[in-house]
Amino acid sequence: QRIKGWASFTIDKDEGPEIAGFKPLSDINIYLNFWWRMGDQYTYHPPGDLSTEPNNMRWFNYYQIDLKISKGFDIMGLQTEFSIDIKNLLNSKFLRLLSGDRLKFYLENPNLSDSGRLPKTSDFSEPNIWEWYSYEVPPQKIYFQLSFKF
């Protein structure tokens, strides 16, 4: 299952509250985009569980929130807009669904830290963090933009 949505808030030019003859929130746009999806199903039966039901467990849910804020203003009669666009606003990271013995070790050792439960590199004993996280939700990225309208 998946849910997607967005919200938008706009204050038009020359609108909004006035402070000492200045309208600081005039010509502002805020746009929020989000999605969520249910985690993948997988099969795991802990020691002592005699059932054989397939897909009896569910991995972590995934979600992402993006935010864009833009503010327009005039500089010497030139329409200018500054914006910031933040992808993955909360900088969320989600573990990739493990498989086989790696999944079994992860689930059967909840007292260990993630670095103790998750895969190591094959040639060193260092954590293999590049393989831990799903790229379905990419790392946070922040973009700044300044535009001029003639």
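In every chain, residue numbers begin from 1 and rise along the written sequence. Residue-level local features of this predicted model are given only where pLDDT is at least 70; pairs of side-chain atoms are given and counted only at 80 or more, and the full residue set underlies all totals for whole chains, interfaces and linings. The basis for every side-chain value is the complete set of heavy atoms in the structure, and neither hydrogens nor water enter the calculation.

1. As for the overall build of the protein
Numbering of helices and strands runs from the N terminus, with a helix taken as a DSSP run of H or I at least four residues long and a strand as a DSSP run of E at least two residues long. Across its full length, the protein carries 2 helices and 7 strands. Its helices and strands in sequence order give the protein the pattern β-β-β-β-β-β-α-α-β, from N to C terminus. Scaling as 2.2 N^0.38, a compact globule of 150 residues should have a C-alpha radius of gyration of about 15 Å, whereas the protein reaches 24 Å, well beyond that. Taken over the C-alpha atoms alone, the protein extends approximately 75 × 35 × 30 Å along its principal axes. Here the term buried applies to any residue with accessible area under 20% of the maximum for its type, exposed to any over 50%, and partly exposed to those in between, with areas from a 1.4 Å probe on protein chains only. Buried positions account for 23% of the 150 residues belonging to the protein. The contacts in the protein between residues at least 6 apart in sequence include a share of 59% that link residues at least 24 apart. Methods summary: accessible areas were calculated by the Shrake-Rupley approach with a probe of 1.4 Å, and residue burial reflects only the protein chains presented. When the accessible surface of the protein is split by element, carbon and sulfur atoms take 57% of a total near 10600 Å². Two residue types count as positive, namely Lys and Arg, and two as negative, namely Asp and Glu; His and chain ends fall outside the count. For charged residues, the charge sits on one atom: NZ in Lys, CZ in Arg, CG in Asp, CD in Glu. Computed over 17 positive and 19 negative side-chain charges, the inter-centroid distance for the protein is 2 Å. As defined in this context, the radius of gyration uses C-alpha atoms, and a globule is described by 2.2 Å times the residue total to the power 0.38. Throughout, a contact is declared for two residues whenever any of their heavy atoms are within 4.5 Å.

2. Examining the sheet that holds strand β5 (residues 62-75)
In a beta sheet, neighbouring strands pair by backbone hydrogen bonds and run either parallel or antiparallel. In this description, strands pair whenever DSSP reports at least two bridges between them. With respect to topology, 5 strands assemble into an open sheet ordered β1-β2-β5-β6-β7, the strand pairing being antiparallel. Bordering the open sheet on either side are β1 (2-11) and β7 (141-149), each of which pairs with just one other strand. Sheet twist, expressed as the mean angle between neighbouring strand axes with direction ignored, is 10 degrees. Where β1 lies against strand β2 (residues 28-37), 10 bridges are found, and the strand directions are antiparallel. Here an angle of 0 to 180 degrees is reported between the N-to-C directions of two axes, which are lines fitted to C-alpha atoms, with helices fitted over the stretch in contact.

3. Some words on the side chain of S83
Position of S83 among the secondary structure elements: in strand β6 (residues 78-87). Those residues in contact with S83 that sit more than four places away from it in its chain are K68, I69, S70, Y143, F144 and Q145.

4. What to know about unusual backbone geometry
Phi is positive for M76, close to 50 degrees, though the residue is something other than glycine. Structurally, M76 is set in the loop between β5 and β6. In this structure, N91 takes a positive phi of about 50 degrees despite not being glycine. Mapped onto the elements, N91 comes out in the loop between β6 and α1 (100-108).

5. A few points about the side chain of N88
Of note, N88 is situated in the loop between β6 and α1. By relative accessible area, which is 1% here, N88 ends up buried. Here a polar contact means two N or O atoms within 3.5 Å. Within protein one must be a hydrogen donor candidate and the other an acceptor candidate, and residues neighboring in sequence count only if both atoms are side-chain atoms. A distance of 2.9 Å separates a polar atom in the side chain of N88 from the backbone nitrogen of S92. When neighbours within four sequence positions are excluded, N88 is seen to be in contact with Q64, I65, D66, V137, P138, P139 and Q140.

6. Here's the deal with the pattern of salt bridges
What counts as a salt bridge is simple: a side-chain nitrogen of Lys or Arg found within 4 Å of a carboxyl oxygen of Asp or Glu. Under the defined criterion, the tally for this structure stands at 7 salt bridges. With a shortest N-O distance of 3.2 Å, D40 and R37 are connected by a salt bridge. Across the pair D114 and R117 runs a salt bridge whose closest N-O atoms are separated by 3.4 Å. Here the residue D114 and the residue R117 both occupy positions in helix α2 (residues 114-117), the gap between them amounting to 3 residues, near one helical turn. Residue classification places D114 among the partly exposed residues on the basis of a relative accessible area of 34%. Through salt bridges with shared partners, a single network forms among R2, R37, D40 and E136.

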